[in-house]
Amino acid sequence: GGGGGDDRHRAMLRALGPLGASAPRRLGRHLRWLSTSPTLSSPPAAPAGAAALPSEGRVSLLMELGDRPGALYDVLRWFWKHDVNLTAIESRPKPLSDQHFDVYVDFEGAKGEPSTDALLERLRAECSNMLVMDDKDVPWFPRQVQDLDLIANRTLDAGTDLESDHPGFNDALYRRRRKDLADIANAHTVTEPIPNIAYTAEELATWAAVWDRQHPLLERYACEEYLRILPLMQKHCGYGRDNIPQQQDISNFLQRRTGFRLRPVAGLLSSRDFLSGLAFRVFFSTQYIRHPSKPLYTPEPDICHELLGHAPMFADPDFADFSQQIGLASLGASDDDVKKLATCYWFSVEFGMLRQGNELKAYGAGLLSSFGELEYACAPYRPAGGTDERPELRPWDPFQACNQAYPIVTYQPVLYCAESLQDATDKLRVFCDSMPRPFHARYNPNTDSIWVDRAVRRPEKP
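The next thing to look at is the overall build of the protein chain. Within the protein chain, the secondary structure is distributed over 16 helices and 14 strands. Evaluated residue by residue, the protein chain yields a buried proportion of 53% over its 462 residues. Partitioning the intrachain contacts of the protein chain with sequence separation of at least 6 by distance along the chain shows that 69% fall at a separation of at least 24. For the protein chain, the accessible surface area stands at approximately 20,200 Å², while carbon and sulfur atoms represent 51% of it.

The following block contains the structure:
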């Protein structure tokens, strides 16, 4: 839309006009105006009656400008004149030339639109050379929150495909219950209320056994943020020893506090699919519970892990921002970078620790939902968690953590500790900004959609 862009463009032109071609050298080699951190506020909604742009409505240009005062001003003013919004601009000295510099520009529009075609014609007259660049091919990623329904059922297991060593493998009733819950999750859509689950007496007894074992350790070793939130969820969401909270009640509570919500799934998702939900402040959550024969053990994430470990922390603003930051950085990223982000997620959202006062506290769900992991990680005494061993504690550094190997079925030999949730978020932001992403993405909560600053082309289906 053009209505809100005029003042921004005028301010930019006033700032850049006097600098002319010296702007790249004074402001740095890699300038990026209007392409901001993905955690900043969303772009304003289009004015009423404005024409909606296609979801991929971006044009990318490479312009060669002469090195003279006001050269940048002369091209940027035409965006304002033609009522076209810039989304990203980056300038670099031209290799092997001190007489020209290159400017990469992305803006809202599409070739064939009158305003875009008129702008391109005008820019060609102002530039030494100009190239309209092809859209960048990227892996599929969700643009609207409804797109999450296209990936929510792509579980790595069917929710009922139990391994032979699973406690419920030979229990026909348990397997049938898992199938019923998987069917409910697979039929759900993200924009609908989550159906209530009538948990059985046996399932409630399993939940109570976990609550009784975990709650005293949480009071001692959970971070301050978790301990502030849990009583509120007991009051507003039905958390308690004798009741498994309903996911819709939790979603209502989280949305009022941080905009997060839950979306039921039948089982584990791939890292790319799972992280993409976080970009929309959506957490994919299982609904089944571990087998009653081993209430203090689960080989997979279950409702105890999701609701006791993850859900309370999503009510904290810093943790919510942290989680969404990982999700936004994963959109359109390479497989290797998604793996790095998933590893950072493992060492933070799942197994992250903080120093509060002189004590170690947990904020990761893998710790908060497991009495053995929590005691092993945080207790100053030994034995703890049934072992005399201690984890190696390292300062939170996503640049190092992203390459750290980790086990799945044993205690973590290496854990990362941040000074605070804000410290964890700040360091993750630096890490995400350093990644060679094909575009920068922002979430618009008003439209439940993802805004990107570059011209990209994605497959039609995931």
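If you walk across this open sheet you meet the four strands as β9-β8-β11-β10, and the pairing is mixed. Where the open sheet ends on each side, the last strands, each with one partner, are β9 (359-362) and β10 (392-395). The average undirected angle you get between the axes of adjacent strands in this sheet is 40°. Here four bridges tie β10 to strand β11 (residues 414-418), and the two strands are oriented parallel to one another. Bridging from a neighbouring strand, Arg-394 pairs with Tyr-416 of β11.

Within helix α8 (residues 247-257), burial applies to Gln-247, Gln-248, Ile-250, Ser-251, Phe-253 and Leu-254. Looking one or two residues past α8, Gly-259 carries a phi angle of roughly 85°, positive in sign.

Taken as a whole, this structure holds 24 salt bridges when the rule is applied. Arg-92 is the salt-bridge partner of Glu-90, the closest N and O atoms lying 2.5 Å from each other. Assessed through its relative accessible area of 6%, Glu-90 is described here as buried. Where salt bridges share partners, they join Arg-68, Asp-74, Arg-77, Arg-122 and Glu-126 into one cluster.

What follows is about the confidence of the model for the protein chain. Of the residues in the protein chain, 87% reach a pLDDT of 70 or more, and the chain-wide mean stands at 86. Note that pLDDT drops below 50 for residues 1-55; the model gives that stretch 103 contacts with residues more than four away or on any other chain.

Taken in spatial order, the four strands line up as β2-β3-β1-β4 in an open sheet, and their pairing is antiparallel. Edge positions in the sheet fall to β2 (86-93) and β4 (129-133), since each of these pairs with one other strand and no more. Across the sheet, the mean angle separating the axes of adjacent strands is 15° when strand polarity is ignored. One ladder, built from seven bridges, connects β2 with strand β3 (residues 100-108); its direction is antiparallel. Looking at β3, one finds that Glu-90 is bridged to Tyr-104. In this fold helix α3 (residues 71-81) packs onto β1 (58-66), β2 and β3, with an angle of close to 155° to the strand it touches most, β1. Strand contacts of helix α4 (residues 114-126): β1, β3 and β4, with the helix running at about 150° to β4, the strand carrying the most contacts.

Basis of the calculations
Residues numbered from 1 in each chain as written. Predicted model: local features only at pLDDT ≥ 70, side-chain atom pairs only at ≥ 80, totals over all residues. Heavy atoms only, no water. Helix = DSSP H or I, 4+ residues; strand = E, 2+ residues; numbered from the N terminus. Buried < 20%, exposed > 50% of the residue type's maximum accessible area, 1.4 Å probe, protein only. Contact = heavy atoms within 4.5 Å. Areas by Shrake-Rupley, 256 points an atom, 1.4 Å probe, with all protein chains shown as cover. Pairing = 2+ DSSP bridges. Axes fitted to C-alpha atoms, helices over the stretch in contact; angles between N-to-C directions. Salt bridge = Lys/Arg side-chain N within 4 Å of Asp/Glu carboxyl O. pLDDT = per-residue confidence, 0-100.

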